[in-house]
Amino acid sequence: MKILAVAGDFTHLLVMSFRSMFSPPWRWKNKMAALYFVAVESLPVIIICVGFAAVVTIIEASYHMKIVIQSDALVPGFAAILILRELGSVISSLLLGSRVGAGWAAEVSSMKVTEQIDALKLLGISPIQYLVGPKLLACILGNIVLGVIANIACLFFAMLISVFKLGYTSGMFLTTMRVFVNFQDLLFAMIKSACFGATIPLIACFCGFRAKSGADGVGKATTDAVVGISVAIIFLDFILSYIFSHFYAS
Amino acid sequence: MIKYTNIKKSFSGRTVLNDISFSVAEGEIVFILGTSGTGKSVLLKNTVGLMKPDSGEILFQGTDIVQLNEEQLLEIRKQCGMIFQHPALFDSLTVRENLAFGLKRLKKLNDDDIEQLIKQSLEDVNLSLDILEKKPSEISYGMQKRVSIARTLAIHPQVLLFDEPTTGLDPVTTTAINQLIYTLSRKHKITSIVVSHDMGCAIDIADKIIVLDKGNIIEQGSVTEVQKSQVPLVKDFMLEVSNDIS
Ligand SMILES: Nc1ncnc2c1ncn2[C@@H]1O[C@H](COP(=O)(O)OP(=O)(O)OP(=O)(O)O)[C@@H](O)[C@H]1O
Ligand SMILES: [Mg+2]
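This one's a predicted model, so the numbers in the text were calculated from it and none came from an experiment.

A. Region of the structure containing the layout of surface pockets. Here the second largest pocket is characterised by a volume of approximately 980 Å³. Asn30 and Tyr130 of chain A together with Ser92, Leu93 and Phe101 of chain B are the residues nearest the centre of the second largest pocket, which is lined by 31 residues in total. Where the lining of the second largest pocket is concerned, the elements lending two or more residues are α2 (28–69), α3 (75–113) and α5 (127–166) of chain A together with α3 (95–106) and α4 (111–124) of chain B. Here the lining of the second largest pocket takes six residues from α3 of chain B, the largest share from any one element. When grouped by side-chain class, the residues that make up the lining of the second largest pocket number 16 nonpolar, three polar and 12 charged.

B. The arrangement of the interface of chain A and chain B in detail. Taken together, the contacts link 15 residues of chain A with 23 residues of chain B. Around 1,700 Å² of area is buried between chain A and chain B when both sides are counted, 62% of it from carbon and sulfur atoms. Among the residues chain A hides against chain B, the three largest losses belong to Glu115, Leu122 and Leu123 of chain A. Together they make up 42% of the total. At the junction of chain A with chain B, the criterion picks out two salt bridges. Of all the secondary-structure elements, those providing two or more residues to the side of chain A that touches chain B are α3 and α4 (116–122) of chain A. A total of six residues in the side of chain A that touches chain B trace back to one element, the largest contributor, which is α4 of chain A.

C. The packing of α3 of chain A against helix α8 (residues 215–245) of chain A, seen in detail. Residues and elements named next belong to chain A. Their axes nearest at 8 Å, the elements α3 and α8 cross at an angle of 150°. The angle between α3 and α8 falls in the class roughly antiparallel. The element α3 and its partner α8 pack so that their crossing is right-handed. Of the residues that constitute the contact of α3 with α8, the class distribution is 13 nonpolar, nine polar and two charged.

D. Region of interest: the pattern of salt bridges. Summed over all chains, the structure comprises 16 salt bridges over all chains. Close ionic contact of Lys45 of chain B with Glu115 of chain A constitutes a salt bridge, the shortest N to O distance being 3.0 Å. One end of the pair, Lys45 of chain B, is in helix α1 (residues 40–47); the other, Glu115 of chain A, is in the loop between α3 and α4, on a second chain. Just as Lys45 of chain B is buried, Glu115 of chain A falls in that class too. Put simply, Asp207 of chain B and Arg186 of chain B hold a salt bridge, and the shortest N to O gap is 2.6 Å. Placement of Asp207 of chain B in the loop between α7 (199–205) and β9 (208–213) and of Arg186 of chain B in helix α6 (residues 171–188) is noted, with a sequence separation of 21 residues between them. Judged by relative accessible area, which is 26%, Asp207 of chain B ranks as partly exposed.

E. Structural view of the site of ligand 1. All names here are of chain B. Around ligand 1, 14 residues are found, and the nearest of them are Ser36, Gly37, Lys40, Ser41 and Gln85. The contact in question runs from an oxygen atom of ligand 1 to an N or O atom on the backbone of Gly37, over 2.8 Å. Here Lys40 contributes a side-chain N or O atom positioned 2.8 Å from an oxygen atom of ligand 1. In the complex, the protein chains occlude 67% of the 630 Å² of accessible area that ligand 1 would expose alone. Elements with a contribution of two residues or more to the shell around ligand 1: β2 (14–24) and α1. Top element by residues in the shell around ligand 1 is α1. It accounts for three residues. Residues of the shell around ligand 1, tallied by class, amount to four nonpolar, seven polar and three charged.

F. Examining the sheet that holds β9 of chain B more closely. Residues and elements named next belong to chain B. As summarised here, the arrangement of the six strands in space is β6-β7-β8-β3-β9-β10, forming an open sheet in which the pairing is mixed. Either end of the sheet is taken by a strand with one partner, and the two such strands are β6 (80–83) and β10 (216–221). With strand direction ignored, the average angle separating the axes of adjacent strands in the sheet is 15°. As paired strands, β6 and strand β7 (residues 159–163) are joined by four bridges and run parallel to one another. By the bridge assignment for β7, Met82 is matched with Leu161.

G. Just the coordination of the magnesium ion (ligand 2), in detail. All names here are of chain B. For the magnesium ion (ligand 2), the full set of protein donor atoms is Ser41 (OG) and Gln85 (OE1), and the range of their distances to it is 1.9 to 2.2 Å. Pair noted here: Ser41 is in helix α1 and Gln85 is in the loop between β6 and α3, with a separation of 44 residues, a long-range link. Classification of Ser41 as buried rests on a relative accessible area of 19%.

H. Representation of unusual backbone geometry in the model. In this model, Pro24 of chain A is joined to Pro25 of chain A through a cis peptide bond whose omega is 0°. Here Pro25 of chain A is to be found in the loop between α1 (2–21) and α2. Of note in the backbone geometry, Asn6 of chain B takes a positive phi value of approximately 50° without being a glycine. Its location among the elements puts Asn6 of chain B in strand β1 (residues 2–11). Among the residues examined, Asn6 of chain B registers a relative accessible area of 38% and is labelled partly exposed.

I. Expanded view of the packing of α5 of chain A against helix α7 (residues 183–209) of chain A. Residue and element names in this part refer to chain A. Between α5 and α7, whose axes approach to 8 Å, the crossing angle comes to 145°. The element α5 and its partner α7 pack so that their crossing is right-handed. Of the residues assigned to the contact of α5 with α7, the class counts are 19 nonpolar, five polar and one charged.

J. Just the domain arrangement of chain B, in detail. Residues and elements named next belong to chain B. Partitioning chain B into structural domains gives domain 1 (2–79 + 158–245) and domain 2 (87–156). Inter-centroid distance (C-alpha atoms) of domain 1 to domain 2 is 24 Å. Each partner contributes to the interface: domain 1 provides 14 residues, whereas domain 2 provides 12 residues. At the junction of domain 1 with domain 2, the criterion picks out zero salt bridges. For the interface between domain 1 and domain 2, the tally reads one residue pair in polar contact (both at pLDDT 80 or more). Those elements that place two or more of their residues in the side of domain 1 that touches domain 2 are β7 and α6. By residue number, the principal contributor to the side of domain 1 that touches domain 2 is α6, which donates five residues. Considered class by class, the residues forming the side of domain 1 that touches domain 2 number seven nonpolar, three polar and four charged.

The rules behind the values
- Residues numbered from 1 in each chain as written.
- Chains lettered and ligands numbered in written order.
- Predicted model: local features only at pLDDT ≥ 70, side-chain atom pairs only at ≥ 80, totals over all residues.
- Heavy atoms only, no water.
- 1 Å grid on protein atoms, 1.4 Å probe; cavity = no way out; pocket = protein on both sides within 12 Å on 5 of 7 lines; lining within 4 Å.
- Points joined across faces, edges and corners; volume = space filled by probe spheres on them.
- Helix = DSSP H or I, 4+ residues; strand = E, 2+ residues; numbered from the N terminus.
- Nonpolar A, V, L, I, M, F, W, Y, C, P; charged D, E, K, R; others polar.
- Contact = heavy atoms within 4.5 Å.
- Buried area = accessible area lost by both parts, 1.4 Å probe.
- Salt bridge = Lys/Arg side-chain N within 4 Å of Asp/Glu carboxyl O.
- Axes fitted to C-alpha atoms, helices over the stretch in contact; angles between N-to-C directions.
- Parallel < 35°, antiparallel > 145°, perpendicular 65-115°, else oblique.
- Left-handed = near helix turned anticlockwise from the far one by under 90°.
- Buried < 20%, exposed > 50% of the residue type's maximum accessible area, 1.4 Å probe, protein only.
- Near = heavy atom within 4 Å.
- Polar contact = N/O pair within 3.5 Å; in protein donor to acceptor, adjacent residues only side chain to side chain.
- Areas by Shrake-Rupley, 256 points an atom, 1.4 Å probe, with all protein chains shown as cover.
- Pairing = 2+ DSSP bridges.
- Donors = N, O, S within 2.8 Å, 3.2 Å for Na, K, Ca; no water.
- Domains from an automatic or database assignment.

Shown next, in the form of structure tokens:
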């Protein structure tokens, strides 16, 4: 019963948030501020982390392939597929989720416990329209851009480590990569990023709106949001990967 | 103007308001007193539809607000100002933006008029204009509380709901704010419901006093009636006042 009520509330938030993205007032200032917070401020940490993930992937894959088939010639191709289909968007979204999601959950929940949300309602302003709409737009757009940049950074670091550690030339890396991946992979990666991006503000604000009073209410909302976002991203990744797998040329 | 009938509200099985009935006439000042946690804030929030009672009726100028949806509530809320127990200022906005926020939203005014109203409302709560560009976190709690009162007064609502407006304020400002509530009621016929712990203020300016305990009204009436009350908790509240004076 309670689960149904929670699911109903979440669906309401989801529908109203998407509606608010396409209806005035536009509040461009809020949207730009959210976009800056999402895309620009998260960029350095995402590049650093996906870079290391790429390096580890290449080294591990090379090590295992050498053991099994005594050659790591296919590593650049395998790594590129793995990066585009999984690593780039999932890792960057998980990082974004914990950084931005925690911030927003704390912001909204402290607004809730200090009655700022009530004050908004009293002024005739929908908290969803005012708080969630701009974040949703910023996070969808921001995460698509971040996803693309993360993928490029990932591939770049993969190439660097292949050149310096495995002894390939950059030309060899790119040629092998091109055999394995195509534009469709990038497109699917962008769709994934958009979906993951949408879950972040929705779950963060949902937990924030439900916060109980007091400082521990804010703490719990923030923790719930980060856990919820991470689980949702991994679960959505499974669903989307499964759907996309029907489109991959076999 | 506002009539509460058999209001009941409970949270996860725990009754907070138990069969509350009373009415507030236009221009009246009603004080609601009671110990902490008796449901005073919950009662105020029910008045503007921020919470819904489990049962009962709240007539606002003849309309039962319990039945209204968010959109229909807008019309009611436009006539009501509520000063929350927390200052509830928007953290991301400056004091000036906080004050202008509701004015821009609810009144179609030009910038000069807004500026005028902002200055006037800050003066009403004894604040100087040099805090206008500060963020709420950069001013003291008492100042935040006063800005929050100014924000609501600037809109000139017909009904004012105060949730402990003077708790945490200095005596001079407390007196000024009570005086303001009195003037608004007598000069502009503004109806006020004031939740407070301060029986002294209630005796000074209230038309009617309601004492809540554990979700029930244990005493209500005019100041003289309440002063004569034999209910132990009400007598304790009265004792506080006479101790303060002596
Ligand atoms: N949203 C809520 N969910 C669950 N319980 C709540 C909620 N709001 C209030 N309560 C409970 O209702 C009771 C009354 O709360 P309320 O805030 O109205 O008290 P109060 O009389 O205003 O007290 P105080 O003088 O301390 O402000 C409290 O026990 C509180 O825990
Ligand atoms: Mg209260």
